[in-house]
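Examining the three-dimensional arrangement
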Amino acid sequence: MNQRSTRAALWTSLIYALVAGIWICSSDWLLDKIVRNKEVFARLEAFKGLMFVGLTGGVLFYIVRQLIVREEQKIRELKKAEALGNLQRETLELIAGGKPLRKTLDRLLRGVEVLSPEMICSILLLDADGRHLRHEAGPSLPEDLTRIVIPTGPQAGSCGTAAFRGAPVFADDIANDPLWADYRQAVLSHGLRSCWSTPIFDGQKKVLGTFAIYHRKTGLPSENDVRLIELGTHTAATAILKARTEKTLRESEERFRTLVDQASDAIFVHDANGRLLDVNRSACESLGYARAELLQLSVLEIDADFQLDAAQQLWRDLRPGQSHIFRSRHRRKNGDTFPVEISLTSYEIQGRQVLAALARNITERAEYEDRLARSVSLLRATIESSDSGVLVAGT
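Residues numbered from 1 in each chain as written. Predicted model: local features only at pLDDT ≥ 70, side-chain atom pairs only at ≥ 80, totals over all residues. Heavy atoms only, no water.

1. Here's the deal with the packing of helix α3 (residues 101-115) against helix α7 (residues 223-262)
For clarity, the threshold we go by: Axis angles are defined between N-to-C directions and span 0 to 180 degrees, where every axis is a line fitted to C-alpha atoms and, for a helix, only to the segment in contact. In this text, helices come from DSSP runs of H or I with a minimum length of four residues, and strands from runs of E with a minimum of two, each type numbered from the N-terminal end. In this scheme, roughly parallel covers angles under 35 degrees and roughly antiparallel covers those over 145, while 65 to 115 is roughly perpendicular and the rest are oblique. Any two residues having at least one pair of non-hydrogen atoms within 4.5 Å are treated as being in contact. Throughout this entry, Asp, Glu, Lys and Arg are counted as charged residues, while Ala, Val, Leu, Ile, Met, Phe, Trp, Tyr, Cys and Pro are counted as nonpolar. The remaining residues, Gly among them, count as polar.
Viewed as axis vectors pointing N to C, α3 and α7 meet at an angle of 170°, and their least axial separation amounts to 10 Å. What the angle tells us is that α3 and α7 run roughly antiparallel. For the pair α3 and α7, the contacting residues are L101, T104, L105, L108 and V112 in the first and L228, G232, T235, A236, A239, I240 and A243 in the second. Within the contact of α3 with α7, the residues separate by chemical class into nine nonpolar, three polar and no charged.

2. Describing the side chain of S116
Counted only if it meets this: Burial status follows relative accessibility: with a 1.4 Å probe on protein chains alone, a residue under 20% of its type maximum counts as buried, one over 50% as exposed, and anything between as partly exposed.
Within the secondary structure layout, S116 lies in the loop between α3 and β1 (120-126). Overall, S116 belongs to the buried group, its relative accessible area being 1%. If near-sequence neighbours (up to four positions away) are discounted, S116 is found in contact with K80 and L228.

3. Side note on α7
Short version of the rule: The span you would expect from a helix comes to 1.5 Å times its residue count less one.
An ideal rise of 1.5 Å per residue puts 58 Å on 40 residues; α7 measures up with 58 Å between its terminal C-alpha atoms. Every buried residue of α7 is listed here: D225, L228, I229, L231, G232, T233, T235, A236, A237, A239, I240 and V260.

4. Let's talk about a positive patch on the surface
What counts is decided by this rule: Nonpolar side chains (Val, Leu, Ile, Met, Phe, Trp, Tyr) within 5 Å and like charges within 9 Å form the patches, drawn only from residues with over 30% relative accessible area and no salt bridge. Using a 1.4 Å probe, accessible areas were evaluated by the Shrake-Rupley method; residue-level cover was limited to the displayed protein chains. A side-chain nitrogen of Lys or Arg and a carboxyl oxygen of Asp or Glu constitute a salt bridge if their distance falls within 4 Å. Charge convention: Lys and Arg are scored as positive, Asp and Glu as negative, and His as well as the terminal groups of each chain are ignored. Where a charge lies is defined by one atom per residue type, namely NZ (Lys), CZ (Arg), CG (Asp) and CD (Glu).
On the surface, K206, R244, K247 and R250 cluster together into a patch of positive charge. Here R250 lies in helix α7.

5. Some thoughts on the pattern of salt bridges
For the structure shown, the criterion picks out nine salt bridges. Between D127 and R134 there is a salt bridge whose closest N-O contact spans 2.8 Å. Take R134: its relative accessible area is 43%, and that puts it in the partly exposed class. A salt bridge links R329 to D305; the nearest nitrogen and oxygen atoms lie 2.8 Å apart. Here R329, found in strand β9 (residues 323-331), pairs with D305, found in the loop between α10 (299-302) and α11 (308-317); they are 24 residues apart in sequence, far enough to count as distant.

6. Observations concerning the packing of aromatic side chains
Defined as follows: Between the rings of Phe, Tyr and Trp (Trp by its six-membered ring), a pair exists once the centres lie within 6.5 Å; its type follows the angle of the planes, with under 30 degrees stacked, over 60 edge-to-face, and the other angles tilted.
The final tally for this structure, using the stated rule, is two aromatic pairs. With a centroid separation of 6.0 Å and an interplanar angle of 35°, the aromatic rings of F306 and W315 are classed as tilted. Across the pair, exposure class does not vary: F306 and W315 are buried alike.

7. Re the pairing of strand β10 (residues 337-349)
For clarity, the cut-off: When DSSP finds two or more bridges between two strands, those strands count as paired.
Here nine bridges tie β9 to β10, and the two strands are oriented antiparallel to one another. Note that in β10 the partner of R331 across the bridge is T337. The loop that links β9 with its antiparallel partner β10 comprises five residues; one of these, G335, has a positive phi angle of about 100°. The loop that links β10 with its antiparallel partner strand β11 (residues 352-361) comprises two residues; one of these, Q350, has a positive phi angle of about 55°.

8. Let's talk about the environment of L287
Take L287: it is sitting in helix α8 (residues 281-287). On a C-alpha basis, the gap between L287 and G335 in space is 9.4 Å, while along the polypeptide they are 48 residues apart.

9. A short note on the pairing of strand β8 (residues 276-279)
Relative to β8, strand β7 (residues 266-271) is paired through three bridges, and the arrangement is antiparallel. By the bridge assignment for β8, H270 is matched with L276.

10. A short note on unusual backbone geometry
Most peptide bonds take the trans form, and the phi angle of most residues other than glycine is negative. We note that K205 has phi near 65°; this positive angle belongs to a residue other than glycine. You can see K205 is positioned in the loop between β5 (194-201) and β6 (207-215).

11. Some points on the confidence of the model for the protein chain
Cut-off, in case you're wondering: Confidence per residue, as judged by the predictor, is encoded in pLDDT with a range of 0 to 100.
Per-residue pLDDT for the protein chain averages 82, and the proportion of residues at 70 or more is 79%. Put simply, helix α1 (residues 3-34) is where the protein chain has its lowest mean pLDDT, 63, and strand β4 (residues 169-171) is where it has its highest, 95.

12. Overview of the sheet that holds β10
Strand pairs in the sheet, formed through backbone hydrogen bonds, run parallel or antiparallel to each other. The sheet built from five strands is open, its strands ordered β8-β7-β11-β10-β9 with antiparallel pairing. Looking at which strands have only one partner, the edges of the open sheet turn out to be β8 and β9. Neighbour to neighbour, the strand axes of the sheet diverge by 30° on average, direction disregarded. Bridge count between β10 and β11: ten bridges; the pairing is antiparallel. Bridge pairing in β11 places I349 opposite R352.

13. Thoughts on the side chain of S282
Note the following rule: Each polar contact in these results corresponds to two N or O atoms within 3.5 Å; when the atoms are within protein, one needs to be able to donate a hydrogen and the other to accept it, and residues that are neighboring in sequence are counted only if both atoms are side-chain atoms.
In this fold, S282 is placed in helix α8. A residue is classified by how much of its surface remains accessible, and S282, at 13% relative accessible area, is buried. There is a polar contact of 2.6 Å between the side chain of S282 and the backbone oxygen of A263. Ignoring any residue separated from it by four or fewer positions in sequence, one finds S282 in contact with A263, S264, D265 and A266.

What follows is the structure, given as structure tokens:
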């Protein structure tokens, strides 16, 4: 028993003792004054005692029984609260572990249904168009109901209306609720009589979907039911937002990878020690490596002119976002080398320096520059060795 119940029991005992003392003292005095016949007095004395025992015993029984019932109810509530906490923790672990959204939401709903067996739960998600709801999870809901696509609107059952209003909609009697006119027969045919639907929001109060609870009896949610609904909607919102964030990130990464792989220049990403972290398709093709092979190498193994000390000094000098352009020679898998022009940019990601090198094959340009240099040298030698003057005129 808790402290409050202990105090109540103590006060009950004290009151009982006080009443008993007053009754015994006052009843004897009154009987002695009123009744003079000793035989009648004795019979009344016995009757008085039985009345007192019966009356006070009944009162005590009622008080103690109420205390026990209250304690049992509190124990049940504490156990249910603990079970709810465990369910939320398990669901959050599934979310953190990257489990599929449907599996996570199914686990959440099954847990709620175990705690409240009279409930049948479902979660619907709002389509990208913002006008239709589709069932994402409903492990105990009849299959034909999960296939229904519900439009949002002012009279679209509990879920469609809740999403439309952005507020909970509790239908205590589906059979007579005007909001259920279009869906009443489908739900009633499965013996479902009431539906409580609550919107699921993101951080900006934008509707993500709805959390619905069906009952086979008419009625409205109790305070405990409301707490259960709040836990379900908040936990579901966390799962939905994480799943959508991961989906957006994957799509963004896929778009970035496509753009990088379609680049004509070779792209090499490496850390401050020269270890390759990522490469694009052009980098693999230019060096003759498979991507998995290339990621096992370092800059030292693909750059024929690489000097570790000079390179690390350059990397340290580069501030985040700063670039440096230079020339070098890359070495292919077969040992051949070719000239490249490299644009090296430094980035800071999660407190760590990462360098991205954009390498362009300049073999043709280098050959042209070499031919031009030889032509200039030949022209200069011809002029210097000529005995005649040379006039250079421009137009």
